[in-house]
Amino acid sequence: MALAEKVLRKIHKLNLIPKAIKLLPRLSIVLAALSVLWLVTLPQDGNYRNCYISENALMPGQVTSYFRESEWNIVRGYRNEIKQLEQQPIEQRNEVITQWLQDLGLPVSRHRNGFTNDTLYSIMHASRGENTEAMALVVPWVNSDDEFNEGAMALGMALMRYFQRISVWSKNIILVIPPDGKQSLRSWVNAYHTSLDDTAGSIEAAIIMEYGKQGDGFQYYDMFYEGLNGQLPNLDLLNTANQIGQHEGISCSIQGISDRAINFTNRLKTLFAGILRLVVAGSRDVHGHEAFSGWQIQAFTIKARGAQGHDVTQFGRIVDSTFRSVNNLLEKFHQSFFFYLMLSPKHFVSIGTYLPSAVLLAVAYALGALNTILNTGIELDQIPHSLTRLLVVAVVAEVICVVLSVIIPQASVDMLEYVPMALSILPVFVAKSRSQSSNTTSFALIGLALLIIAFLITALLIVHFALALTIGLLAIPLTFVPTVIQTNKKLAILCLFVSNPFLVFVLANGYFGEDFFANLIASWNQLQCWTWLVIILGWFPAWLMIAYATTGISSIGAKEEKREMEEKL
């Protein structure tokens, strides 16, 4: 107690609390900068970990695949036949595949989704299993590049033929052939768990194959694993596939960077590219594994690149050996990480290491809210009298956003093209408008909005770190508004303009070279990706509250209130 009393007296003597209060705007900026700096230091040696297998039962190094050169003619034969089907309607293709599968003795079922062509699937029941667990091999007719998935379809058929000759299976194997890896596959996954009659038990893992028209060889493979809403597959599954690929001498690429070019710069690029891909998952470059998000199914996409270097059967061996490893499991994936950031196929950062960066951002917004209340010259005892108005404005802003969240997804694609442009110029109208709020009410409203963003980031910290971090960084200009508005309202309007989420959508359309906003809305409508809802119901209401409060602040009035406050003190 004596020590605490001595410390408090020293703080009071040095007048540290008032000094700290005056430094709140700078502290907020410093914490936001430290958040980015924290991420930049993660690829340094000592801050990341080497990938390893946590679940000993997987034993990827002990799996011997017999899918070798003896199967090459089978794959080639299937590919020649499938190549002739490219120009045929998908219904006719499905009929041919159905006949082939039935010739192999496999039952074939169809899922009619009601909006596109049927999804074909066939279940190979394990002779040594209890029909309660399964693995899924997904081969869309069209891959993520809108290219005919010729090689993958041939491999899928050859693998199912090969799987039947092996008696080690304790889990069923499902071959799924959707028209594409987007809405049709998502619809099949939902139906599998809700309404389909022909099922094979809980799906433990799924591999989506993409192998276009490379022919008999490929150079390396890309791996895609980012699911919807921040979900990731168990790291053991990725490590198993990569270890098998290394055993085969095949190079793996993540975020377009090869595992044979690992250095600090490439690890840093992979880190930020992975964060960006997690944020936009479901809205662009949909590969198919996203469709399994939300059902506790570990899934990833493996995509062949190049045309020379490795035999096509080696690509099949990665799938075969991965299935053989998953087949060894007696329980669900649980040993390894579900929250991580990949730096390369061989290195990763666990959640305990990268999470503080988002925590720093949340604290930065909390300090921004505190700065709004303590450093703007308002009378604190007047805030309770403005509470009713604060709540009314907050509720109205949220109701407006709820209405927009319902109306905008129902708009046509042509109309969606103009929505971001229209809503991004709101600050122009804000600058010309006037409200009747007092400075006390307006600044209290800004503080409340900043606190809402802090709570939003905190709520998303674990479940969707990438989205929490991105919103926190893009909305950081809002913390400058209460500081600059008393001296330069035009600068405050500029802060509002650059932090408008719909301006971000406009810029994203230009950066990605496509209608990103329309794709984001489609990801909500078709894939149940709730990034759109987080932005429109979390970020945008806070922005509206600050924009409304800005119109009611008089810089002269604020200075007078501050002078009166100093005279009273």
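Here the structure is a predicted model, which means the values were calculated and not measured. (Residues numbered from 1 in each chain as written. Predicted model: local features only at pLDDT ≥ 70, side-chain atom pairs only at ≥ 80, totals over all residues. Heavy atoms only, no water.)

Quick look at the environment of Ile 297
The following threshold applies: A run of H or I in DSSP counts as a helix once it spans at least four residues, and a run of E counts as a strand once it spans at least two, with each numbered from the N terminus. When accessible area is computed with a 1.4 Å probe and restricted to protein chains, residues below 20% of their type maximum are described as buried, those above 50% as exposed, and intermediate ones as partly exposed. The contact criterion used is simple: two residues touch if any of their non-hydrogen atoms lie within 4.5 Å.
Residue placement: Ile 297 occurs in the loop between helix H9 (264-279) and strand S10 (298-311). Look at Ile 297 and you get buried, because its relative accessible area is 8%. Separated by 36 residues in sequence, Ile 297 and Phe 333 place their C-alpha atoms 9.1 Å apart. Discounting chain neighbours no more than four positions away, the residues touching Ile 297 are His 193, Ile 203, Glu 204, Ala 205, Ala 206 and Phe 292.

Topic: empty space enclosed by the protein
To keep things clear, this is the line we draw: Using a grid of 1 Å spacing that covers the protein atoms alone, one calls a set of points a cavity when a 1.4 Å probe fits there but cannot get out, and a pocket when the set is open and has protein on both sides within 12 Å along at least five of seven lines; lining residues are those with an atom within 4 Å of a point. Grid points are joined across faces, edges and corners, and a volume is the space filled by probe spheres set on the points.
Inspection of the entire model under this criterion finds three cavities of 30 Å³ or more. There is about 70 Å³ of room inside the largest cavity. Together, 13 residues line the largest cavity, and Gly 230, Leu 232, Leu 278, Tyr 354 and Phe 465 are the ones closest to its centre. Of all the elements in the fold, those that place two or more residues in the lining of the largest cavity are strand S11 (340-344) and helix H17 (465-474). Looking at the second largest cavity, its volume works out to about 60 Å³. Lining the second largest cavity are Phe 224, Glu 226, Arg 277, Val 280, Ala 281, Gly 282, Arg 284, Asp 285, His 287, His 289 and Glu 290.

Structural notes on the pairing of strand S7 (residues 217-224)
Here is the rule we go by: Criterion used throughout: strands pair if DSSP finds at least two bridges between them. The handedness rule is simple: strands pointing away from the viewer, and a clockwise path from the first strand over the helix to the second, make the crossover right-handed.
In terms of burial, S7 is largely enclosed, as six of its eight residues are buried. As paired strands, S7 and S10 are joined by seven bridges and run antiparallel to one another. The partner of Met 223 across the bridge, within S10, is Ile 302. Handedness of the crossover is the feature at issue here: the chain leaves S7, passes through helix H8 (residues 235-247), returns alongside strand S8 (residues 251-254), and the resulting connection is right-handed.

What to know about H9
Inclusion rule: To estimate the expected span of a helix, count its residues, drop one, and scale the result by 1.5 Å. Any pair of N or O atoms that falls within 3.5 Å is considered a polar contact. Within protein, one atom must be able to donate a hydrogen and the other to accept it, and sequence-neighbouring residues count only if both atoms are side-chain atoms.
Counted at 1.5 Å a residue, the expected span for H9 with its 16 residues is 22 Å, and the 23 Å between its end C-alpha atoms agrees. Three or more residues of H9 are buried, namely Asn 266, Arg 267, Leu 268, Thr 270, Leu 271, Gly 274, Ile 275, Leu 278 and Val 279. The N-cap of H9, judged by a side-chain oxygen 3.2 Å from the amide nitrogen of Thr 265 a few residues on, is Asn 263.

Remarks on the domain arrangement of the chain
Short version of the rule: Per the annotation, domain bounds derive from an automatic or database assignment of domains. Accessible-area loss on putting two parts together, using a 1.4 Å probe and summing over both, is the definition of buried area adopted here.
The assigned domain composition of the chain is domain 1 (23-44 + 353-561) and domain 2 (52-345). When each unit is reduced to the centre of its C-alpha atoms, the spacing between domain 1 and domain 2 is 40 Å. Facing the 27 residues of domain 1 at the interface are 26 residues of domain 2. Across the interface of domain 1 and domain 2, roughly 2,300 Å² is buried in total on both sides, 68% from carbon and sulfur atoms. For domain 1, the biggest contributors to the area lost against domain 2 are Pro 43, Tyr 354 and Leu 527; these three give 26% of the whole.

Focus on the UniProt feature "transmembrane region" (unreviewed entry) in the chain
Spelled out, the test is: UniProt positions are given in the numbering used here, feature names are shortened, and annotations may be inferred rather than shown by experiment.
Taking the numbering used here, the UniProt-annotated feature "transmembrane region" (unreviewed entry) corresponds to residues 21-40, 354-378, 390-409, 443-462, 492-512 and 532-558. In this annotation, residues 443-462 is assigned 90% helix and 0% strand; the end-to-end C-alpha distance for the span is 31 Å. The span residues 492-512 is 90% helical and 0% strand by assignment, and the distance between its end C-alpha atoms comes to 29 Å.

Looking at unusual backbone geometry
Even without glycine at this site, Asp 146 takes up a positive phi of about 60 degrees. With respect to the helices and strands, the residue Asp 146 is situated in the loop between strand S4 (133-138) and helix H6 (150-163). In this structure, Gln 528 is a non-glycine residue whose phi angle is positive, near 60 degrees. Topologically, Gln 528 is positioned in the loop between helix H21 (516-527) and helix H22 (531-551). When its relative accessible area of 32% is taken as the criterion, Gln 528 is described as partly exposed.

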